[in-house]
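# Examination of the molecular architecture
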Amino acid sequence: MNLPEKTHQGWHDLVTGRKVSALKSLAVRMLLGRLTLSVQEDSSPENIAASIDQLYEVFAKNAHTPSIQEDLKTIFG
Amino acid sequence: MRQHFMSIADASAIIEEGRTLILAGDESALRQMPQGDWIGGTIPYFITDEHGGVSTREKVFVTDLTGVVTGAKIAFYDQSNLSRVYAEGPQHGFSFIIIPASNMTHLFFALKAPSFKEFGVRPLIGWIAGVHLDDLGKKTPKVFNGQTGEAFEEGALVLQAELPANKVAEIGIMNLFEQGDGDTLVFPADGFVVKSVLVNGEKMNLAAYLLDKKLDTRLPLVADYSGARVNISFQAINEADGTVQFYAPVFSGVRYKHAKPVGDYIQGFEQRLKKECSLEADRVVFSCNCILNYLYSELEGKKTDPFTGPMTFGEIAYQLLNQTLVYLQVHEV
């Protein structure tokens, strides 16, 4: 599955904690756990955008990893 | 599995064949190894496929990366450059880190790693070197650079391993501990040593709270990171000054709960393995587990198939973990 653009609502829902998914990738879970906490403390558009950038980078650089592929399907269908 | 429990002579022989290795063993054993393409860390506790849990100074645990990786470089890090450990990882591969317990680099990594640039972008796995428990306070944990023959008490060694284009590295954990149904603990600051805590929003002294509740401190605090359970293990309660010391830092704002008891570790391990891990043993390149699991769950002589490896003073799967089995798989894609 291809990586959706950073503007996709799915990224926003993930880092704001609006959508909670059962994810497989350990890297994603560890990072997301911190990002959602950070966004709870500072929900400015800048912090949300920076959080999406960080999360997107993990997916982009590990696009062929089996757990990342599964997580993409879980998040974006 | 590419992990082998070996005599010093056998390990020396495969080093001299030019193989790319990660070693775990007592300092006395590692000091006998010839120079070659290896890094190592001190620890004399292991889970082996033949004998289960074993403590020995006479053998070493060898992870053989030859044939898995296409190239490997050894890099030294300390507080001055550790923040680049993720960003400097191989573009296509993984980094393997060993840090001696309780040195400044260990403390710095534990506290700051999640804020380092490109955290999570490239796989970082490894462990914290230790000593035989009889040697606590007498000897120091060390890491060894096999290429130079140097040993370090301070700093960290990283083996930066490149993979072929058709393979990817993936890190997993197996944690038997789950959050219990009790109070929610939130800490006001990051740290290994803690005095105050918010218990369900009410400020309390943590030491007094633990003693009053008679909580079993062999069970860790557990945080939930988007479904990944991360443990913080108790080291000591100091009644005199009202502090509690942990083996890994707590982080401010994170919601922790005291773990549910685990009955029989091996039984729980096998159930968890079936439930959570869909892995093939030949894809597992490395695994290690925690010395506290070895001690508290009395793993001497017990097996945790398909996982073997050193029983360490801390496990690293992107960040420092406690009381957790970590493993590295290499998949063909």
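Residues numbered from 1 in each chain as written. Chains lettered and ligands numbered in written order. Predicted model: local features only at pLDDT ≥ 70, side-chain atom pairs only at ≥ 80, totals over all residues.

## Description of the domain arrangement of chain B
All names here are of chain B. Rule in force here: For each domain, the first and last residues come from an automatic or database assignment. Working definition of a contact: two residues with C-beta atoms, positioned from the backbone, lying within 7 Å. Numbering of helices and strands runs from the N terminus, with a helix taken as a DSSP run of H or I at least four residues long and a strand as a DSSP run of E at least two residues long. Residues are sorted three ways: Asp, Glu, Lys and Arg are charged, Ala, Val, Leu, Ile, Met, Phe, Trp, Tyr, Cys and Pro are nonpolar, and all the rest, Gly among them, are polar.
Segmenting chain B into domains produces domain 1 (3-173 + 267-332) and domain 2 (185-258). Each of domain 1 and domain 2 has a C-alpha centre, and these two points are 27 Å apart. Opposite the 11 residues of domain 1 that make contact, domain 2 presents 11 residues. The leading source of residues in the side of domain 1 that touches domain 2 is helix 3 (residues 104-112), at 3 residues. Counted by class, the side of domain 1 that touches domain 2 contains 7 nonpolar, 4 polar and no charged residues.

## Here's the deal with the packing of helix 1 (residues 9-16) of chain A against helix 2 (residues 26-41) of chain A
All names here are of chain A. Selection rule: Each axis is a line fitted through C-alpha atoms, and for a helix only the stretch in contact is used; angles between axes span 0 to 180 degrees, taken between their N-to-C directions. Oblique is the label for any angle not covered by the other classes, which are roughly parallel (under 35 degrees), roughly antiparallel (over 145) and roughly perpendicular (65 to 115).
At their nearest, the axes of helix 1 and helix 2 sit 7 Å apart, and the two run at 80° to each other. Judged by the angle between their axes, helix 1 and helix 2 are roughly perpendicular. Along the contact surface, helix 1 presents Leu14, Val15 and Thr16, while helix 2 presents Leu32, Leu35, Thr36 and Val39.

## Here's the deal with the sheet that holds strand 8 (residues 93-100) of chain B
Residues and elements named next belong to chain B. As a reminder, the rule being used: Two strands qualify as a pair provided DSSP detects at least 2 bridges between them.
Spatially, the 6 strands line up as an open sheet ordered 7-12-8-9-25-26, and their pairing is mixed. The sheet is open, and its two edges are formed by strand 7 (71-77) and strand 26 (319-321), each paired on a single side. Averaged over all pairs of adjacent strands, the angle between their axes in this sheet comes to 20°, without regard to strand direction. Strand direction decides the pairing type here: strand 8 and strand 9 (residues 124-129), joined by 6 bridges, are parallel. Following the sheet pairing, phenylalanine 96 is matched in strand 9 by isoleucine 125. On the sheet, helix 3 packs against strand 7, strand 8, strand 9, strand 12 (156-162) and strand 26 and is oriented at approximately 130° with respect to strand 8.

## Thoughts on the interface of chain A and chain B
The interface of chain A with chain B comprises 20 residues on the first partner and 22 residues on the second. Among the secondary structure elements, those contributing two or more residues to the side of chain A that touches chain B are helix 2, helix 3 (45-61) and helix 4 (66-76) of chain A. The leading source of residues in the side of chain A that touches chain B is helix 2 of chain A, at 11 residues.

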